[in-house]
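Read off the chains here:
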Amino acid sequence: MKRLSVIIFILMLSTSLFAQSKSERYEQIETIKVAFITKKLDLSSEEAQKFWPIYNNYQKELMLLMKKRREERLRTDIEPNDKINLDLSYESKMLDLKKKYKKLYSKAIPAEKILLLYQAEREFREHLIKQLNHRRKPTSK
């Protein structure tokens, strides 16, 4: 009986994980990312109060820019050369956005922590990619 209840629990848990919507998974990843960055930066309460609203605005602007870029890439009415130019344009816009927010970050946290932020974002992205690749690989028996 105990074994049956464990099996039922595992089935329910796995079903709920698969039933998560993309937005729920995205929110979960963002929550983990915030915790990861918080730990890496070791912000004081004053720094955190100034930093997080700026970072959240950056994330919103970046996601909007990336969404537009994805939409442009899916268009079929654009010549290949024009698609390349559009893609380069988005790369430039993303760099401009990073420069803009580097200035804003410097009003909230010291340069050392800005550098740690960039490193933490990179580390988190690499860790996430490794996790996704690990989950996609078929297990060998």
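Residues numbered from 1 in each chain as written. Predicted model: local features only at pLDDT ≥ 70, side-chain atom pairs only at ≥ 80, totals over all residues. Heavy atoms only, no water.

**Looking at the overall build of the chain**
Rule in force here: The helix count covers DSSP runs of H or I at least four residues long, the strand count covers runs of E at least two residues long, and both are numbered beginning at the N terminus. Only protein chains enter the calculation, and the probe is 1.4 Å; a residue is then buried if its accessible area is under 20% of its type maximum, exposed if over 50%, and partly exposed in between. Throughout, a contact is declared for two residues whenever any of their heavy atoms are within 4.5 Å. Only the protein chains shown count as cover for residues, and the accessible areas themselves come from Shrake-Rupley with a 1.4 Å probe.
Of regular secondary structure, the chain possesses five helices and zero strands. Secondary structure of the chain in N-to-C order comes out as α-α-α-α-α. Looking at the chain residue by residue over its 141 residues, the buried ones come to 21%. Intrachain contacts of the chain at a sequence separation of at least 6 include 66% that bridge at least 24 residues. Per element, the accessible surface of the chain, about 11,400 Å² overall, is 60% carbon and sulfur.

**A short note on the nonpolar core**
Formally: Buried Ala, Val, Leu, Ile, Met, Phe, Trp, Tyr and Cys residues that are joined via side-chain atoms within 4.5 Å together make up what is termed a nonpolar core.
In this structure, I37, F51, Y55, Y58, Y105, I109 and L117 are the most contacted members of the largest nonpolar core, which totals 20 residues. Mapped by element, the contributors of at least two residues to this core are α2 (22–41), α3 (45–74), α4 (80–105) and α5 (111–136). Tallying contributions element by element places α3 first for this core, with seven residues. Every residue in contact with F51, bar those within four places of it in the chain, is listed here: I37, L41, L43, Y105, A108, I109 and L117.

**As for α3**
The condition that has to hold: One less than the residue count of a helix, multiplied by 1.5 Å, gives the span that helix is expected to have. Two axes enter the definition of the bend at a residue: one is fitted to the seven residues ending there, the other to the seven starting there, and the bend is the angle between them.
Here α3 contains 30 residues, and its C-alpha end-to-end distance of 43 Å stays within 8% of the 44 Å for a straight helix at 1.5 Å per residue. For α3, the principal kink sits at F51 and spans about 30°; a proline, P53, occurs within the next four residues. Residues of α3 that are buried include every one of E47, F51, W52, I54, Y55, Y58, Q59, L62, L65 and R69, and no others. Those residues of α3 hidden inside the fold are in contact with α2, α4 and α5.

**Regarding the pattern of salt bridges**
Test applied: Whenever Lys or Arg places a side-chain nitrogen within 4 Å of a carboxyl oxygen from Asp or Glu, that contact is recorded as a salt bridge.
Under the criterion given, the structure shown has nine salt bridges. The partner of R73 in a salt bridge is D87, with the nearest N and O atoms 2.9 Å apart. Of the two residues, R73 sits in helix α3 while D87 sits in helix α4, which places them 14 residues apart along the sequence. Relative accessible area serves as the criterion here: at 23%, D87 is assigned to the partly exposed category. When salt bridges that share partners are traced, they join R69, R73, D87 and E91 into one network.

**Looking at α2**
Formally: Note that the arc is defined by the directions from the helix axis to the C-beta atoms.
Compared with the 28 Å implied by 1.5 Å per residue over 20 residues, the 28 Å span of α2 between its first and last C-alpha is a close match. Among the residues making up α2, those that are buried are E30, K33, I37 and L41. Taken around the axis of α2, the buried residues stretch over an arc of 65°, which confines them to a single face. Residues of α2 that are exposed and point over 90 degrees away from its buried face: T31 and K39.

**Section: the side chain of K33**
The condition is simple: For the purpose of charge, His is not counted, nor are the chain termini; Lys and Arg are scored as positive and Asp and Glu as negative.
Its place among the elements puts K33 in helix α2. For the buried K33, which has no salt bridge, the nearest side chain bearing the opposite charge is E30, at an N-O separation of 4.5 Å. Sequence-distant contacts of K33, that is, excluding residues within four places in its chain, are made with Y55, Q59 and F124.

**Observations concerning unusual backbone geometry**
One non-glycine residue, D42, lies in positive phi territory at about 50°. Structurally, D42 can be placed in the loop between α2 and α3.

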